[in-house]
Amino acid sequence: MGKLEDVKGIGPKSLALLNKMGIYTIDDLVTHYPFRYVYLERTDLTKAENDDHVIIDGKVESTPILMRFKAGLNKMNFRLVTAYGVVGVSIFNRAFMKKELEVGITVTVIGKLDKVKNVITASEIKFESLKDKVKIEPVYHLTNGISNKNINTFINMALLEFGKEITDYIPKKYQEKYNFQTKRMALNIVNNPPDKEKLDESIKRLKYEELFVFMFKINYLKNLKKNSNVGIEKKIDRDKVDKFINGLKFELTGDQKKAVNDILKDMESSYRMNRLLQGDVGSGKTIVSFIAMYANYLAGYQSALMAPTEILAVQHYNNLREILGEGFPVALLTGSTTKKEKDEIYKGLMDGSINMVVGTHALIQDDVKYNNLGLVITDEQHRFGVNQRGNLQNKGIKPDILYMSATPIPRTYALAIYGDMDTSIIKEKPKGRKKIKTYVKKKSEIKDVLTLMLEELKKKHQIYVIAPLIDGADDASSVTDLKDKMELAFGKYFNIDIIHGKMAGRAKDLIMREFEQNKIQILISTTVIEVGVDVPNATTMVIFDADKFGLSTLHQLRGRVGRGEDESKCILVSDSDTKRLSIMEKEDDGFKISEEDFKMRGHGDLFGTKQSGDMEFKLANLKNDYDLLIEAKKDTDEYLSDSTFDPLKLKLLSTLNSNS
């Protein structure tokens with residue numbers, strides 16, 4: 001395909017502006033879709049009321065009269081002959097149009113009707129007629145220096161000159177199945193819609209193509225894993241596993257027992273486990289992973305558990321040692337581990353004398369070599385890059401893989417992200433876990449919030465305070481701003497500190513450790529504490545500008561309290577979006593909350609961090625186009641199972657390494 005600068009009308013200046021908009025290729029240009037459409041429908045002036053917004057076309061009957069006022073203001077008046085008679089037109093600050101508004105020229109006027117004076121005060125004048133009853137006008141995202149008309153012209157020229165070279169990723173079989181037009185025709189229609197029906201058909205066809213390409217990637221990778229998924233068939237003493245479970249200080253929930261059984265079956269099979277363990281906040285995923293590590297130990301293999309932060313790794317390590325008791329060779333490997341300790345751990349992992357290791361990304365350093373790594377567990381797996389997770393998996397020979405996530409995801413989203421994994425879900429909460437009381441408060445009720453905080457502090461409890469931003473902004477609370485306010489209210493008697501994502505890892509770990517030891521009573525933070533260490537003494541969380549967060553994120557944050565025996569509270573402070581936030585007052589099921597969030601906000605950014613460019617569809621929306629996604633999934637399954645050679649498969653495979 002030609003280059004962007006080969007398109008007629010795109011000179012060096014336009015090229016630089018297009019690049020600024022993220023448009024570098026002809027494909028980028030023709031898929032720079034309109035983000036909305038304006039429907040221009042001719043108004044019947046005989047039925048229009050006074051002050052109505054009207055759209056009317058006609059011929060200019062009189063030479064425009066220009067009047068200038070002080071402060072650079074001007075007004076232009078002329079008469080327009082329409083299908084409903086002559087009407088006066090006034091428009092402000094468009095003096096530059098005077099030369100173009102010649103008598104006899106056809107224009108379309110958009111504005112407000114003064115029925116008494118028979119005058120339209122125009123907001124816009126277009127130098128064209130409404131040939132049809134309804135004209136559909138595309139509206140694009142722009143940058144200074146490029147107009148809507150410019151973009152539309154560039155796209156049309158590109159389609160005219162290079163349209164035959166555009167790759168159509170929908171196989172002919174499925175184009176015929178759904179009666180889709182060609183991609184070139186669909187692109188032409190979305191940029192020059194003749195009517196709403198054809199526009200809707202073309203948008204659906206282009207959405208399907210995006211979803212087809214995406215599900216092709218998911219299903220191809222899934223098949224690839226299945227075909228090369230020969231793993232280690234492990235012999236696990238189920239009686240010893242049962243004895244271990246019965247010896248725990250608490251009883252497993254039904255969901256936990258089922259998840260353990262799923263994992264043990266995977267480990268005993270000749271296939272390599274590739275399982276996601278998904279559970280709500282506080283549902284007890286970690287103990288399930290510990291049971292898996294114990295079973296793996298019984299089978300004679302090493303286990304590695306990787307956590308996203310050092311403090312979480314330390315917590316897992318301490319809990320694992322407590323549950324296993326004495327005599328189990330468990331090591332902790334993080335950035336803070338001394339060189340002497342590291343050398344000993346490296347030796348133990350290599351000769352097999354250390355059977356279990358818990359750590360951060362330190363587990364995947366080149367110096368770390370395992371004797372017989374058989375199980376890899378990644379906690380909060382979405383917080384690691386694909387390469388980091390892959391590096392740990394590659395440390396062993398076909399180890400079983402268990403991912404853990406505390407982020408409940410709607411099934412729609414899970415299909416797209418985890419379509420290539422088996423899934424175990426833990427919904428039941430352990431017995432005795434108290435519900436966290438949640439309240440929505442307006443900023444005018446801040447005194448009530450501060451009083452409630454003081455009551456908790458007097459009981460020697462600790463408090464999290466959350467802000468959407470690190471530094472100040474006019475429209476949202478920040479960590480630095482809230483620290484000043486909290487110091488003013490409580491600084492005389494209580495220790496207050498801050499933590500946020502821009503701080504160095506060790507500094508964050510130190511702050512969290514001091515909070516855990518109750519050296520800090522009020523910790524002000526961004527969402528960095530969404531996943532972190534358990535502090536049973538922290539009983540209250542106050543989230544300012546709660547409307548700035550997704551419900552799923554709020555639920556994750558809320559899960560930081562309620563870890564001890566005391567009753568816990570979460571206060572959502574906001575003056576807007578209170579209807580959405582009120583869901584949090586009555587609902588504590590993370591999966592239901594995520595579904596509500598999904599309905600209201602779309603797939604958005606449920607994790608607080610973008611997953612990958614692959615999830616950024618230009619037209620498709622996982623919430624609104626779920627049925628289309630399911631069709632694309634079925635079709636790609638069928639397409640991949642057909643061994644007949646098709647050159648298009650090679651083109652689709654080439655998208656695996658791109659975000660197209």
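Look above for the structure.
A brief look at the structure comes next. (Residues numbered from 1 in each chain as written. Predicted model: local features only at pLDDT ≥ 70, side-chain atom pairs only at ≥ 80, totals over all residues. Heavy atoms only, no water.)

Turning next to the pattern of salt bridges. One pass over the structure, following the stated rule, counts 31 salt bridges. For arginine 42, the salt bridge identified is with aspartate 57, shortest N-O distance 2.9 Å. Of this pair, arginine 42 sits in the loop between β1 (36–41) and β2 (53–60) while aspartate 57 sits in strand β2, placing them 15 residues apart in sequence. According to the relative accessible area criterion, aspartate 57 is buried, its value standing at 10%. Through salt bridges with shared partners, a single ionic network connects Asp168, Lys183, Arg205 and Glu209. (Salt bridge = Lys/Arg side-chain N within 4 Å of Asp/Glu carboxyl O. Helix = DSSP H or I, 4+ residues; strand = E, 2+ residues; numbered from the N terminus. Buried < 20%, exposed > 50% of the residue type's maximum accessible area, 1.4 Å probe, protein only.)

In this section: the nonpolar core. Counting 37 residues, the largest nonpolar core has Val288, Ile291, Met293 and Leu320 as its most contacted members. Elements that contribute at least two residues to this core include exactly α7 (238–246), α8 (254–268), α9 (285–298), α10 (310–324), β12 (356–359), β13 (373–379) and β14 (400–405). Per-element tally for this core: the top contributor is α9, with 8 residues. Ignoring anything within four residues of it in the chain, the contact list for isoleucine 291 reads Val241, Phe244, Ile245, Leu252 and Val260. (Core = buried A, V, L, I, M, F, W, Y, C linked by side-chain atoms within 4.5 Å. Contact = heavy atoms within 4.5 Å.)

What follows concerns α9. Given 3.6 residues per turn, any residue in an α-helix points the same way as the ones three and four places further on. With 14 residues, α9 should reach 20 Å at 1.5 Å per residue; the first-to-last C-alpha distance of 20 Å fits that figure. Listed as buried for α9 are Lys285, Ile287, Val288, Ser289, Phe290, Ile291, Ala292, Met293, Tyr294, Ala295 and Asn296. Glycine 300 lies just past α9 and shows a positive phi near 90°. (Expected span 1.5 Å × (residues − 1).)

The parallel open sheet is built from 7 strands, whose spatial order is β11-β12-β10-β13-β14-β9-β15. Of all strands in the sheet, those bounded by a partner on one side alone are β11 (330–333) and β15 (422–426). Across the sheet, the mean angle separating the axes of adjacent strands is 15° when strand polarity is ignored. Bridge analysis of strand β9 (residues 274–279) against β14 gives 5 bridges, and the strand direction is parallel. Each residue of the ladder has a partner; that of glutamine 278, found in β14, is serine 405. Of the strands in this sheet, β10 (302–306), β11 and β12 are in contact with helix α11 (residues 339–351), which crosses β11 at around 130°. (Pairing = 2+ DSSP bridges. Axes fitted to C-alpha atoms, helices over the stretch in contact; angles between N-to-C directions.)

Glancing now at the side chain of serine 574. With respect to the secondary-structure elements, serine 574 resides in the loop between β21 (569–573) and α18 (578–581). What makes serine 574 buried here is its relative accessible area of 0%. Here aspartate 547 takes part through its side chain, which lies 2.7 Å from a polar atom of the side chain of serine 574. From its side chain, serine 574 meets the backbone oxygen of serine 576 in a polar contact 2.6 Å long. Once residues lying within four places of it in the same chain are set aside, the contact partners of serine 574 are Lys441, Lys442, Ala546, Asp547 and Leu581. (Polar contact = N/O pair within 3.5 Å; in protein donor to acceptor, adjacent residues only side chain to side chain.)

Bringing the environment of glycine 9 into the picture now. Position of glycine 9 relative to the elements: it lies in the segment before α1 (12–20). With relative accessibility at 56%, the residue glycine 9 sits in the exposed group. Between the alpha carbons of glycine 9 and phenylalanine 154 there is a distance of 6.9 Å; along the sequence they are 145 residues apart. Ignoring anything within four residues of it in the chain, the contact list for glycine 9 reads Ser14 and Phe154.

Moving on, we come to the pairing of strand β4 (residues 74–82). Of the two faces of β4, only one is covered, namely that formed by Asn74, Met76, Phe78, Leu80 and Thr82; the face formed by Lys75, Asn77, Arg79 and Val81 stays uncovered. As paired elements, β2 and β4 share 2 bridges and run antiparallel to each other. Bridging across to β4, valine 60 finds its partner in leucine 80. Turn length for the strand β3 (residues 65–68)-β4 hairpin, with the two strands adjacent in sequence and antiparallel, is 5 residues, and the turn residue alanine 71 shows positive phi of about 60°. Counting the residues that bridge the hairpin from β4 to strand β5 (residues 85–92) gives 2 residues.

If you want to describe how two helices pack, look at the angle between their axes and the distance between the axes. In contact at an axis separation of 10 Å, α7 and α9 are set at 145° when each is read in the N-to-C sense. Between α7 and α9 the crossing geometry is right-handed. Seen from α7, the contacting residues are Lys240, Val241, Phe244 and Ile245; seen from α9, they are Ile291, Tyr294, Ala295 and Leu298. For the contact of α7 with α9, a count of residues per class yields 7 nonpolar, no polar and 1 charged. (Left-handed = near helix turned anticlockwise from the far one by under 90°. Nonpolar A, V, L, I, M, F, W, Y, C, P; charged D, E, K, R; others polar.)

Examined against the element boundaries, arginine 558 turns out to sit in helix α17 (residues 551–558). Here arginine 558 is buried and forms no salt bridge, its nearest opposite-charge partner aspartate 588 lying at an N-O distance of 6.4 Å. Of the polar contacts made by the side chain of arginine 558, one reaches the side chain of histidine 555; its length is 3.1 Å. Of note is the side chain of arginine 558, whose polar atom sits 3.1 Å from the backbone oxygen of glutamate 587. Ignoring sequence-local partners within four residues, the contact set of arginine 558 consists of Ile436, Thr438, Met541, Cys570, Met584, Glu587, Asp588 and Ile593. (Lys, Arg positive; Asp, Glu negative; His and termini not counted.)

Don't take any of this as a statement about function, it's just geometry.
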